[in-house]
Amino acid sequence: MERILIVEDDNDISNLLAKALTKSGYDCQQAFSGTEGLLYAKAERFSLAILDLMLPGLSGEELLKKLREFTEMPVIILSAKDSLDSKIELLTAGAEDYMTKPFELEELIARVGVQLRRFSGQEAQIKQLSHKSLIL
């Protein structure tokens, strides 16, 4: 089962995401600050993270930079920040996708599925290449 880390300080939004993603067949871990999200990401393996930007502790921008130091899991930004500069900065910094609030839940779930398919395909290719290099 795919594990998703939800880093969102708004209880209502976090619970809504967790409920909808769980109903869609994903296992979710909720974190309510950037610091808590970093602790979970270091301690456990996740297939994907959904990340708010305006968080207590570490900001979403800071957390994304720290995540990229040790993991390549896909990150979807979900934020009220809707400026083009913010979107470009975070996509360039390593986020795979960016959605603004308010958002359509069905669209977010579809984007999660796309990123998980893309990421699992890359992992399979890496394993194949590693196996081939062992044979050679």
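As a reminder, the structure under discussion sits directly above these lines.
Fair warning: this is a prediction, and the values are worked out from it, not measured in the lab. (Residues numbered from 1 in each chain as written. Predicted model: local features only at pLDDT ≥ 70, side-chain atom pairs only at ≥ 80, totals over all residues. Heavy atoms only, no water.)

Peer 1: Any chance you could explain the pairing of strand S3 (residues 48-51) here in plain terms?
Peer 2: In summary, the side chains of a regular strand alternate between the two faces of the sheet. Here S3 shows no split at all, with Leu48 and Ile50 on one side and Ala49 and Leu51 on the other all buried. As defined by bridge partners, strand S1 (residues 3-7) adjoins S3 across four bridges and the pair is classed as parallel. Bridge pairing in S3 links Leu5 to Ala49. The sheet contact formed by S3 and strand S4 (residues 75-79) spans three bridges and is parallel. (Buried < 20%, exposed > 50% of the residue type's maximum accessible area, 1.4 Å probe, protein only. Helix = DSSP H or I, 4+ residues; strand = E, 2+ residues; numbered from the N terminus. Pairing = 2+ DSSP bridges.)

Peer 1: Mind showing me how you'd approach unusual backbone geometry here?
Peer 2: With an omega dihedral of -5°, the bond running from Lys101 to Pro102 counts as a cis peptide bond. If you trace the backbone, Pro102 turns up in the loop between strand S5 (97-100) and helix H5 (105-135).

Peer 1: Where do I start with the pattern of salt bridges in this structure?
Peer 2: The final tally for this structure, using the stated rule, is eight salt bridges. Put simply, Arg68 and Glu96 hold a salt bridge, and the shortest N to O gap is 3.1 Å. Of this pair, Arg68 sits in the loop between helix H3 (60-67) and S4 while Glu96 sits in the loop between helix H4 (84-93) and S5, and the two are 28 residues apart along the sequence. Arg111 is the salt-bridge partner of Glu107, the closest N and O atoms lying 2.6 Å from each other. Taken as a pair, Glu107 and Arg111 lie in helix H5 at a separation of four residues, close to a single helical turn. Taking the relative accessible area as the measure of exposure, Arg111 reaches 25% and is therefore partly exposed. (Salt bridge = Lys/Arg side-chain N within 4 Å of Asp/Glu carboxyl O.)

Peer 1: Honestly, the packing of helix H2 (residues 34-43) against H3 in this entry has me stumped. Any pointers?
Peer 2: Contact pair H2 / H3: the axes reach a minimum separation of 9 Å and the direction vectors enclose 15°. Judged by the angle between their axes, H2 and H3 are roughly parallel. Crossing of H2 against H3: the hand is right-handed. Contact with H2, carried on its side by Gly34, Gly37, Leu38 and Ala41, involves Leu63, Lys66 and Leu67 of H3 and no other residues of that element. Class assignment of the residues belonging to the contact of H2 with H3 gives a composition of four nonpolar, two polar and one charged. (Axes fitted to C-alpha atoms, helices over the stretch in contact; angles between N-to-C directions. Parallel < 35°, antiparallel > 145°, perpendicular 65-115°, else oblique. Left-handed = near helix turned anticlockwise from the far one by under 90°. Contact = heavy atoms within 4.5 Å. Nonpolar A, V, L, I, M, F, W, Y, C, P; charged D, E, K, R; others polar.)

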